[in-house]
Amino acid sequence: MSTYQFNYLDQLESESIYILREVAGQFERPALLFSGGKDSIVLAHLASKAFRHGKIPFTFVHIDTGHNFPEVLHFRDKLVNQLEVDLVVRQVEDTIKTRKLTEPKGKFPSRNWLQTFTLLDTIEEFEFDACIGGARRDEEKARAKERIFSVRDEFGQWDPKLQRPELWNIFNGRIHKGENVRVFPISNWTELDIWNYIRREEIELPSIYFSHEREVVDLNGQWIANSPFAELESDDIITTKKIRYRTVGDMTCTAAVESDANTIDGVIDEILATRISERGETRIDDRVTEAAMEDRKKGGYF
């Protein structure tokens, strides 16, 4: 690794730790949204560095669609135990029953968009005034419009036209009663930065980020896991492919990529060669409309 790259990762790390400490200093009931994916794992690692001489001052929150990869849930529980942090898990399925929401239908019935209701209910239940997440600006167009401190109104909604200026790394966390702030400490990182940092810090990840064999089904040229949640048709062909995941989430809307990369170096080589963002290549629900992500964010999605 070059000296320049090492210093650049130091700069990113320093900025993120500063943001995490700002959250701890400015808010009374902050939470860290933790999915068990690589970005939230890096956030957890940064938090452990930021508060290495004491307990991490954030409650970890997982909004569980019920359609998660088992490997990720196992890793989530393992890491939470290692860090000795409090974990709150809230199920989308419970929200569907409580709010009498319509369960998604179709071959791959994703519950991703329903996470918004569960998240907003959880924020209200615990009165969280700040929610830290692992979104990055390079993921998707709507993500690029976010500030690092992004204010949501009393209904949990986001207005991209009402963003606060953030000059000289000064972050304004002042909010009115009922409002909350979504905080993105790794907003200035890229997917490649994340993987280079994982390599440097020797951070452990769930196995699905590396090449493995899995039963998948072809959906318009994308490989979706054959899971208990899929409602396959008689002409669907289940095949075993050597794949890995660039991002993790709901099994019904997260596509795999064919890959032989079973090491961090191998993954980094593949990222260097690709021209498509991870969400652009692997998240089916982001392809519903051009503004799919932005519409969900306006409604309260992270």
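Residues numbered from 1 in each chain as written. Predicted model: local features only at pLDDT ≥ 70, side-chain atom pairs only at ≥ 80, totals over all residues. Heavy atoms only, no water.

S.K.: Looking at this structure, I do not really get the sheet that holds strand 6 (residues 180-183). What am I missing?
M.R.: One key point about sheets: their strands pair by backbone hydrogen bonds, in either a parallel or an antiparallel sense. The sheet built from 6 strands is open, its strands ordered 3-2-1-4-6-5 with mixed pairing. Edge positions in the open sheet fall to strand 3 (87-91) and strand 5 (149-152), since each of these has one partner strand only. Taken pair by pair, the neighbouring strands of this sheet meet at an average axis angle of 30 degrees, ignoring direction. In terms of strand pairing, strand 5 meets strand 6 through 4 bridges, oriented antiparallel. When the sheet's bridge partners are listed, Ser 150 is paired in strand 6 with Arg 182. Contacts between helix 3 (residues 70-83) and the sheet are confined to strand 2 (59-64) and strand 3, with strand 2 contributing the most and set at about 170 degrees to the helix. (Pairing = 2+ DSSP bridges. Helix = DSSP H or I, 4+ residues; strand = E, 2+ residues; numbered from the N terminus. Axes fitted to C-alpha atoms, helices over the stretch in contact; angles between N-to-C directions. Contact = heavy atoms within 4.5 Å.)

S.K.: Is there a simple way to think about the confidence of the model for the protein in this case?
M.R.: The predicted coordinates should not be examined in detail at positions where pLDDT is low. Predicted confidence across the protein gives a mean pLDDT of 86, with 85% of residues reaching 70 or more. Below a pLDDT of 50 lies the segment residues 286-291, which in the model reaches 10 contacts outside its immediate sequence neighbourhood of four places, other chains included. (pLDDT = per-residue confidence, 0-100.)

S.K.: Would you take a moment to explain the pattern of salt bridges for this structure?
M.R.: Side-chain pairing between opposite charges can occur once the charged atoms of the two side chains come close. Taken as a whole and assessed by the stated rule, the structure comprises 23 salt bridges. Note that Lys 107 and Asp 236 form a salt bridge whose closest N and O atoms lie 3.0 Å from each other. Within this pair, whereas Lys 107 is found in the loop between helix 4 (92-99) and helix 5 (115-126), its partner Asp 236 is found in the loop between strand 8 (222-225) and strand 9 (238-244), the two being separated by 129 residues in sequence. The exposure class of Lys 107 is partly exposed, given its relative accessible area of 22%. Across the pair Lys 242 and Asp 260 runs a salt bridge, and its minimum N-O distance is 3.8 Å. With Lys 242 in strand 9 and Asp 260 in the loop between strand 10 (255-258) and helix 7 (264-273), this residue pair connects regions lying 18 residues apart in the sequence. A relative accessible area of 44% places Lys 242 in the partly exposed class. Each of Asp 10, Glu 13, Lys 49, Arg 200 and Glu 201 takes part in a single network of salt bridges with overlapping partners. (Salt bridge = Lys/Arg side-chain N within 4 Å of Asp/Glu carboxyl O. Buried < 20%, exposed > 50% of the residue type's maximum accessible area, 1.4 Å probe, protein only.)

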